[in-house]
Amino acid sequence: MTTITSTPLVPVAPPALAGAASDTAALFARHVRHIARTPEKLLGVTLMPVAYVVIFGVLFGAAIALPGGSSYGEYLMAGIFTQTMLSTVSSTALGVADDLGNGLVDRFRSLPMSQGAVLLARTASNLVLSLVSITVMALVGLLIGWRVSAGAAAALGAVGLLLLFGFAMSWLGALIGLVVRGAEAISAVAFLIVMPLTFLSNAFIPLNGLPAWLRAVCEWNPISSVVAACRELFGNPAPAGDSFPAAHPIPMAVALTLAVLLVTAPLAVRAYRSAVAR
Amino acid sequence: MEPAIRAEGLYKRYGDHEALRGVDVTVPAGEVFGVLGPNGAGKTTTVRILSTLLVPDGGQAFVSGHDVVRDPRAVRRAIGLAGQYAAVDEKLTGRENLRLIGTLYRMGRRTAKARADELLERFSLRDAANRVVKTYSGGMRRRLDLAVSIIAEPAVMFLDEPTTGLDLTSRLALWEMIREQVARGATVLLTTQYLEEADQLADRIAVIDGGRVIAEGTPDELKAKVGGEQLEVTVAHHRDVPAVTALLGRLVVAPPTTSADGLTVSVPLHDGFGGVADAAAALRPLGAAVTDFGTRRPSLDDVFLALTGTTATPERTTP
């Protein structure tokens, strides 16, 4: 009666790195197709940041003067870049929750594939969107007077740091999506994380005028390190600080971003391994 | 020979709720096994444990000889899963969905491509192959979902309510596709809320309720417990019920039952069409206002009524 005892179509070779890479590549292609087929998503990650660049850079830049007389518009760019990378938290969380809700995660988990590939493909594909955002924002910034004055290599370093930070935020989003699940709850949680992190930082305001305790909080905020590192690498005006993170923005930014990645990625994969649709 | 599926004492709880309270299932290779039960009975939980998605809190299970907890990857190489919600990617085309899952089964790009084309043809999706799934009808999605689940020709298939919410035509088409899988030698475990579906497809059925198997047997054995077709007569006025009951009671051996609203009288039908004709002829001179007259096959409710004494309504609390 039975003609099959094992499945000839599925190889029995033990899982190897090559298998994980091919799984990730196949799922990466899936996300790239998604991006190409949802133009509204591309608009979302380009128009919003561009609006920020224009509104903050042109309007506020004209109204606000920095201590020392440097341009507020130039000062802002690194903040807006970083804030845009933070927005990957909610977009990744919503995407992961969607896959979970419609049963795709169940399907993937029932396949003899690499368990980390699903999240890795999603977070890696987010880098494509992040790179598009950064490019468009940079072009618009250059149009309205933003300048890079620390050399091309340093500027590329800033882009690399922003992508790494966006990647870490994407894993944080994946974790939130798997744990929180509901779209509205995800938006609320992402807002509660992103808003204080953004505004308790040097992204939009110089920290010099703050009371000492608040200034310390803001300086130790990882967002401040990423923003300050970008300012340094782009050669944009940055009031120096004498606290440890303010004095060493680049190593601090890299270390803190890697720390977030090393905590959230394993937790997200762990949550994924037991996630089922409800 | 090792059965295709063997589960012993599966236990699973969510907080205070015991979803499974010791489920035993044994399915020999090549058999279609139906798991029949109302919403919340534990059907999906059972399927999820057997397909390695959930780890049970107690008991053990082997699929194709592999422990679902200790060796999930070996189990995953042998199974195909089609869930309740047609787990396909809406933004990809039918063809892309099939190729993606084929690639993830690690069957190689070329094989995945060839299998995708073959399945699109066999599942009547060729014309829709290059359209994104978002534009598919419910029936098309389920067909694609089933096609995706068999792309690697799995030895064991889990189908969790494969036809819930589908119209009759789509349901018949899906049944046909499931039968093809059985013909190729696959073992199938399917859950359903419909007795008729289990009857049509399954060699054996387990009736599950409140996280326990409360009956098991062939469809014929189960139906023997429930009784066969029923004749139902509904009248407009309560005053006519006693006369109708007495009259129908004379035609059959078993005593008639009356529905909750007191207007519908049911009797088991032994003589098929002859019994219907006799009843109609006998009712006519009575002059009662009969609003409905017809036969009904035993439903899941009847199975539950016979087995537990309660009906299988979703909100039912387990005794």
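The model shown is predicted, which means the values in this text are computed figures rather than measured ones.

1. Things to note about the overall build of chain B
Here is step 1 of the chain: In terms of helices and strands, chain B carries eleven helices and 14 strands.
Here is step 2 of the chain: Over its C-alpha atoms, taken along the principal directions, chain B stretches across nearly 75 × 45 × 35 Å.
Here is step 3 of the chain: Look at the contacts in chain B between residues 6 or more apart in sequence, and 67% of them connect residues 24 or more apart.
Here is step 4 of the chain: Computed over 38 positive and 41 negative side-chain charges, the separation of the two mean positions in chain B equals 8 Å.

2. Observations concerning the packing of aromatic side chains
Here is step 1 of the chain: All told, the structure shown has eight aromatic pairs over all chains when counted by the stated rule.
Here is step 2 of the chain: Ring geometry for Tyr72(A) against Tyr75(A): centres 6.1 Å apart, planes inclined by 25°, an arrangement best described as stacked. Of the two residues, Tyr72(A) and Tyr75(A) are both situated in helix α3 (residues 72–86); the distance of three residues between them amounts to about one turn of the helix. A single burial state applies to Tyr72(A) and to Tyr75(A), both of which are buried.
Here is step 3 of the chain: Each residue in the set Tyr52(A), Phe56(A), Phe199(A) and Phe204(A) is aromatic and connected to the rest through ring pairs, giving one cluster.
Here is step 4 of the chain: Over the ring of Tyr75(A) we find Arg231(A); its NZ or CZ atom is 3.5 Å from the centre of that ring.
Here is step 5 of the chain: Positioned above the aromatic ring of Tyr194(B) is the side chain of Arg171(B), whose terminal nitrogen or guanidinium carbon lies 4.4 Å from the ring centre.

3. Remarks on the nonpolar core
Within soluble globular proteins, side chains that are nonpolar generally end up buried alongside one another.
Here is step 1 of the chain: Among the nonpolar cores identified, the biggest contains 77 residues, and Leu27(A), Phe108(A), Leu98(B), Leu104(B) and Leu146(B) are the most heavily contacted of them.
Here is step 2 of the chain: With six residues, the single largest contributor to this core is helix α7 (residues 152–180) of chain A.
Here is step 3 of the chain: When sequence neighbours within four positions are dropped, the list of residues in contact with Leu98(B) reads Ala116(B), Leu119(B), Leu120(B), Leu144(B), Ala147(B), Val148(B) and Ile151(B).
Here is step 4 of the chain: One finds Val53(A), Phe56(A), Val89(A) and Val159(A) within the second-largest nonpolar core, a separate group that totals 45 residues.

4. Describing the packing of α3(A) against helix α10 (residues 222–234) of chain A
Residue and element names in this part refer to chain A.
Here is step 1 of the chain: Remark: α3 packs on α10, axes separated minimally by 9 Å, with the N-to-C direction vectors making an angle of 130°. It follows that α3 is oblique to α10 by the angle criterion. Classified by chirality, the crossing of α10 by α3 is right-handed. Each of Tyr 75, Ala 78, Gly 79, Phe 81, Thr 82 and Leu 86 in α3 lies in contact with α10, whose residues at this interface are Ile 223, Val 226, Val 227, Cys 230, Arg 231 and Phe 234.
Here is step 2 of the chain: Of the residues belonging to the contact of α3 with α10, the class tally is nine nonpolar, two polar and one charged.

Calculation notes
Every chain is numbered on its own, with residues counted from 1 as its sequence reads. Labels follow written order: the first chain is A, the first ligand is 1, and so on. Local features in this predicted model are restricted to residues of pLDDT 70 or higher, and side-chain atom pairs are both shown and tallied only at a pLDDT of 80 or more, whereas totals for entire chains, interfaces and linings draw on every residue. Side-chain measures were taken over the full set of non-hydrogen atoms in the model, leaving aside hydrogen atoms and water. Secondary structure elements follow DSSP: runs of H or I no shorter than four residues count as helices, runs of E no shorter than two count as strands, and numbering proceeds from the N terminus. The contact definition used throughout considers only heavy atoms, calling two residues in contact when any of these lie within 4.5 Å. For the charge count, each Lys or Arg is scored as positive and each Asp or Glu as negative, with His and the chain ends excluded. Where a charge lies is defined by one atom per residue type: Lys uses NZ, Arg uses CZ, Asp uses CG and Glu uses CD. Pairing of aromatic rings covers Phe, Tyr and Trp, the last through its six-membered ring, and needs centres within 6.5 Å; plane angles under 30 degrees mean stacked, over 60 mean edge-to-face, and all others mean tilted. Each residue gets one of three labels from its accessible area relative to the maximum for its type: buried under 20%, exposed over 50%, partly exposed in between, using a 1.4 Å probe on protein chains only. Criterion for a charge above a ring: Arg CZ or Lys NZ at most 6 Å from the ring centre, at most 35 degrees from the ring normal. To define a nonpolar core, start from buried Ala, Val, Leu, Ile, Met, Phe, Trp, Tyr and Cys residues and group those joined through side-chain atoms within 4.5 Å. Inter-axis angles, ranging from 0 to 180 degrees, are taken between N-to-C directions of lines fitted to C-alpha atoms, where helices are fitted over the stretch in contact. Angle categories: roughly parallel below 35 degrees, roughly antiparallel above 145, roughly perpendicular from 65 to 115, and oblique for all the rest. In this scheme, a crossing is called left-handed if the near helix is turned counterclockwise away from the far one by less than a right angle; it is called right-handed if the turn is clockwise. Each residue gets one of three labels, nonpolar for Ala, Val, Leu, Ile, Met, Phe, Trp, Tyr, Cys and Pro, charged for Asp, Glu, Lys and Arg, and polar for the others, Gly among them.

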